[in-house]
Amino acid sequence: MGDPDLLEMLQEEGLRAKEIDLGLQGSESLSSQENNLLLSVESQPLSAKRFNLFLKRRLMFQRSEQSKDSVYFRDGVRQIDFVLSYVDDVKRDAELKAERRREFELNLRKTGLELEIEDKMNSEDGRTYFVKIHAPWEVLVTYAEVLGIKMPIGESDITRPQNLPLSYMLGPVKLPATVKYPHPEYFTAQFTRHRQELFLIEDEATFFPSSARNRIVYYILSRCPFGVEEGKKKIGIERLLNSNTYLAAFPLHDGQYWKPSTVPTHVNERYILHKNWARFSYFYKEQPLDLIRNYYGEKIGIYFVFLGYYTEMLLIAALVGLACFVYGLFSMETNQTSAEICDPHIGGQMIMCPLCDEVCDYWRLNTTCLHSKFNHLFDNESTVFFAIFMGIWVTLFLEFWKQRQARLEYEWDLVDFEEEQQQLQLRPEFEAMCKHKKMNPITKEMEPYMPLFHRIPWYFASGVTVIFGMALLLSSMVSVIVYRLSVFATFASFMESEATLQSVKTVFTPQMATSLSGSCLNFIVILILNFFYDKVSAWITKMEIPRTYQEYESSLTLKMFLFQFVNYYSSCFYVAFFKGKFVGYPGKYTYMFSVWRSEECDPAGCLIELTAQLTIIMIGKQLFGNIHEACQPLIFNWWRRRKAQTNSEKLYSRWEQDHDLQVFGPLGLFYEYLETVIQFGFVTLFVASFPLAPLFALINNIVEIRVDAWKLTTQYRRPVAAKAHSIGVWQDILYGMAILSVATNAFIVAFTSDIIPRLVYYYAYSNSSSLSGYVNNSLSVFLIEDFPNHSAPLEKTDFTTCRYRDYRNPPDHESKYVHNMQFWHVLAAKMTFIIVMEHIVFLFKFLLAWMIPDVPKDVLEKIKREKLMTIKIIHDFELNKLKQHFGINTDDIITEVIEQGETATAQTQRSKANNEPESPSAQSK
């Protein structure tokens, strides 16, 4: 090595001799000019060496520039499969953490993993240690067999799906074949180290994809012990992360996302994904699903398959919904109901009863002219058609998703995954908490077991918390309703008294002001409550100590979905099914808490208010979600890089770059699914009131796919690959929401829309077989003298009656203000419509479910073909192996059999020619 004085001087400058040693040993990779400069530095006297110290360090940094994106150990051969990071803790438990790390790393080496530690002096911030982990071939083949990983044994003779007719029209949305199908199709079998010759192993370094490698390493990390504390064996990297013994544990990305790999043998799949998937300019392109699965694993891959499939199906619903909206737009001016409301001789002459007590005045019906026209956009004849269509659409969506999922299970070798899952998903936290063991009746092995009586207290606490949380959500909705009731009078009196607002009253009514402000307030409350319930749900689920990851996610999913369902949909359910339904009538209004009078619907119906509520919450949630998803990791990563930056000349290595990214986390995918399912509820549960909902969802999902892809590729550490054969419990939730959506849309059309009352009037009460006179028929008469003192307006009037929306007898009737016969006719028609619509839609649902098989016929044939060929390949391999073992020459056996057959045939023919019986040897042949 060089001059000892140089080493001493470098140590004085804050650099370790080991670093310089490693740097100089690699000087053969420098250019000849740089080598000469380094050698000249060593040959100079001490003063010159000191003078040129900075130059030498700069040259070393330039030499290391080639390995800035390296995913290999210092030898450039062993691939980094996982990285752990930690810092020296100066607190009182520093020794305990150091001992845990020492024991943990020692046990990792005992399993066969190879570790290389980067000292903190090599890191840019000067305080973080990095432990690089490599899984050698022996470890990979052992745990590939344990995990049942399927690997190729022969190239498949099953052709890929052929292009459909007219598929050339979809050319612009197609990806290059090398990107869409990065690898050939193979027949696969579960890997076993005793049959390595059976598998297509061309290069041991690249045989296992990086996703399989990091999955294997994480499996070891999650089950590796690090000591015995308080009489209990402590295991798993997750416990070490929770106690801050390690700061992070993550697999490396393949390289920089903006440039390909410079190493010919290493393919930078991250760059390919960013170029063909994570760019917003590719919003119209299909997704490279196989490449996503290879890089991130099946669990993340199947999420993007589902999101892409859901977006494709939304295109159909969006087109039909847009057509229904256009129909309402073109028929708005010819609508008889709004024409009568706007007519100064009809609506202008109808004096309506006050909408609140004392401070509200009488008003004329034509002041809601514009409101009634907007209402017709969404409340017209096409509403019924669209509600029925969406009931059938959601059935087709779920049935075709079953087929898509079955096809995916075949293509991604997940057909037999369900049997593996019970063995692979045991949570280390559950193993650590269990003191009892129980025989597994399937594996006949002793496994950790927790008695039910140990869990009952936490189940009880969980149930109480969920009920309390839902009650709090409902109380928040009631608070918003109280706000609407209390401020309506304020808006009404203010707009009535302000002369400057008289010109805008026809556009911006007190009802509209109250509805919009209440919807915005409700949306803000939803966002606040979501933040708290996310934390509470995760904590409760953790305390239940679920046995497997599947149980953990299922329990968390149930809690979070219940919270989100009540949080997002409760206000929509209120407007759709309760607002304006229990108002009473003038002189006998119903009051909430005996203080606030119940809200009334507009004379044209409550549907437009439901549309406004749905629009604000749905679009607001989508905008907030996309902005939050895009900006949060970007800002956090910028801040972490800025905070860690020291302007040093030390190498900002690949593992440091990934360390400074955000963590996707085990629940990252959970929240993506939850967001999609909540959107699915907006699209299906209340779509009869807002036919543009599928269009807004389609636009959002097109952006969402690219935002999620951009996040994963550029802003997040690479998640640990995990397997999944379906979307799990979310599929059951989707089925439940699909069934509920049929009922909700039927009730919206019947009770929230004004279609049924108009049809009853048209067929039973109209004298001219038209809707002429419908508005007058739908409004009852009230005698102003019958107003109680506490609800009558303060100002005197020169008219004796006012109108209100209901079907009641007039004041001169012997049973005044009692529901008349038309009310019961309309109610019967509404109930009949609900029953008929539900039966029609459910009939179609059952027929479609029966006609569409869960697994397509061609997939079944491919599965059978692959199983047959797999058995044949394995059989031929074992047969050849057996023959080689016993030294049997196959060609000699075949030749002997042929010769014996020919001899026997000749003897038979001679016997027949001579009418002689066959010889015993010929008969036996």
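For the structure itself, look to the data block above.
Definitions and limits used
- Residues numbered from 1 in each chain as written.
- Predicted model: local features only at pLDDT ≥ 70, side-chain atom pairs only at ≥ 80, totals over all residues.
- Heavy atoms only, no water.
- Helix = DSSP H or I, 4+ residues; strand = E, 2+ residues; numbered from the N terminus.
- Contact = heavy atoms within 4.5 Å.
- Areas by Shrake-Rupley, 256 points an atom, 1.4 Å probe, with all protein chains shown as cover.
- Axes fitted to C-alpha atoms, helices over the stretch in contact; angles between N-to-C directions.
- Parallel < 35°, antiparallel > 145°, perpendicular 65-115°, else oblique.
- Left-handed = near helix turned anticlockwise from the far one by under 90°.
- Patch = residues over 30% accessible without salt bridge, like charges linked within 9 Å, V, L, I, M, F, W, Y side chains within 5 Å.
- Salt bridge = Lys/Arg side-chain N within 4 Å of Asp/Glu carboxyl O.
- Lys, Arg positive; Asp, Glu negative; His and termini not counted.
- Charge placed at Lys NZ, Arg CZ, Asp CG, Glu CD.
- Buried < 20%, exposed > 50% of the residue type's maximum accessible area, 1.4 Å probe, protein only.
- Disulfide = S-S within 2.5 Å.
- Pairing = 2+ DSSP bridges.
- Phe/Tyr/Trp six-rings, centres within 6.5 Å; stacked < 30°, edge-to-face > 60°.
- Lys NZ or Arg CZ within 6 Å of the ring centre and 35° of its normal.
- Expected span 1.5 Å × (residues − 1).

A. Expanded view of the overall build of the protein. Of the regular secondary structure elements, the protein holds 33 helices and 18 strands. Residue pairs at least 24 apart in sequence account for 76% of intrachain contacts in the protein once pairs closer than 6 positions are excluded. For the protein, the exposed area adds up to about 45500 Å²; of that, 60% sits on carbon and sulfur atoms.

B. Spotlight on the packing of helix α14 (residues 298-330) against helix α17 (residues 381-411). Packing of α14 against α17 brings their axes to within 10 Å, and their N-to-C directions diverge by 165 degrees. With respect to α17, the axis of α14 lies roughly antiparallel. As α14 packs across α17, the resulting crossing turns out to be right-handed.

C. Spatial organisation of the environment of Gly 728. Position of Gly 728 among the secondary structure elements: in the loop between α26 (693-715) and α27 (729-752). Taking the C-alpha atoms as reference points, Gly 728 and Gln 550, separated by 178 residues in sequence, lie 8.5 Å from one another.

D. Structural context of a negative patch on the surface. Side chains of Glu 138, Glu 202, Asp 203 and Glu 204 sit close together on the surface and give a patch of like negative charge. Structurally, Asp 203 can be placed in the loop between β5 (186-190) and α9 (204-207). Asp 203 sits in the partly exposed class, given a relative accessible area of 39%.

E. Inspection of a nonpolar patch on the surface at higher detail. On the surface, Leu 322, Val 326, Leu 329 and Phe 330 cluster together into a nonpolar patch covering about 370 Å² of accessible area. Of note, Phe 330 is situated in helix α14. The exposure class assigned to Phe 330 is exposed, which follows from its relative accessible area of 67%.

F. Main features of the state of the cysteines. Considering all chains together, one arrives at two disulfides under this definition. A sulfur-sulfur distance of 1.8 Å marks the disulfide that ties Cys 342 to Cys 369. Its S-S torsion of about 100 degrees marks the bond between Cys 342 and Cys 369 as right-handed, since a negative value means left-handed. Of this pair, Cys 342 sits in helix α15 (residues 336-342) while Cys 369 sits in helix α16 (residues 369-378), and the two are 27 residues apart along the sequence. When its relative accessible area of 18% is taken as the criterion, Cys 369 is described as buried. One disulfide bridge connects Cys 353 with Cys 802, the sulfur atoms lying 1.9 Å from each other. When the S-S torsion is 85 degrees, as for the bridge of Cys 353 with Cys 802, the disulfide is right-handed. Linking Cys 353 in the loop between β9 (351-352) and β10 (363-364) with Cys 802 in strand β18 (residues 801-805), this pair joins segments that are 449 residues apart in sequence. Exposure remark for Cys 353: the relative accessible area of 4% places this residue in the buried category. Overall, Cys 802 belongs to the buried group, its relative accessible area being 0%.

G. The arrangement of the sheet that holds strand β2 (residues 114-118) in detail. In spatial order, the strands read β2-β3-β1-β8; together these four strands make up an open sheet with antiparallel pairing. The open sheet has two free edges, formed respectively by β2 and β8 (248-250), since each of these has just one partner strand. When strand polarity is set aside, the average angle formed by the axes of neighbouring strands in this sheet is 15 degrees. As paired strands, strand β1 (residues 82-87) and β8 are joined by three bridges and run antiparallel to one another. Bridge pairing in β8 places Ser 85 opposite Ala 248.

H. Main features of the packing of aromatic side chains. Tallied over the full model, the rule gives 59 aromatic pairs. Positioned above the aromatic ring of Tyr 282 is the side chain of Lys 285, whose terminal nitrogen or guanidinium carbon lies 5.8 Å from the ring centre. Positioned above the aromatic ring of Tyr 295 is the side chain of Arg 718, whose terminal nitrogen or guanidinium carbon lies 3.8 Å from the ring centre.

I. Structural detail: helix α31 (residues 857-886). In this model, α31 (30 residues) spans 44 Å end to end at C-alpha, consistent with the 44 Å of a helix rising 1.5 Å per residue. Buried within α31 we find Val 859, Lys 862, Ile 863, Glu 866, Met 869, Thr 870, Ile 874, Phe 877 and Lys 883. Looking at the residues trailing α31, positive phi occurs at Gly 887, about 70 degrees.

J. Structural view of the pattern of salt bridges. A full pass over the atoms with the stated rule returns 33 salt bridges. Put simply, Glu 118 and Arg 74 hold a salt bridge, and the shortest N to O gap is 3.4 Å. Residue Glu 118 is found in strand β2, and its partner Arg 74 is found in the loop between α5 (53-64) and β1; the two are separated by 44 residues along the sequence. Residue classification places Glu 118 among the buried positions, given a relative accessible area of 8%. Taking the shortest distance from any N to any O, the salt bridge between Asp 806 and Arg 808 comes out at 2.8 Å. Asp 806 sits in the buried class, given a relative accessible area of 15%. Linked through salt bridges whose partners overlap, the residues forming this network are Arg 74, Glu 116, Glu 118 and Lys 132.

Interpretation note: all reported values are geometric properties and have no functional meaning in isolation.
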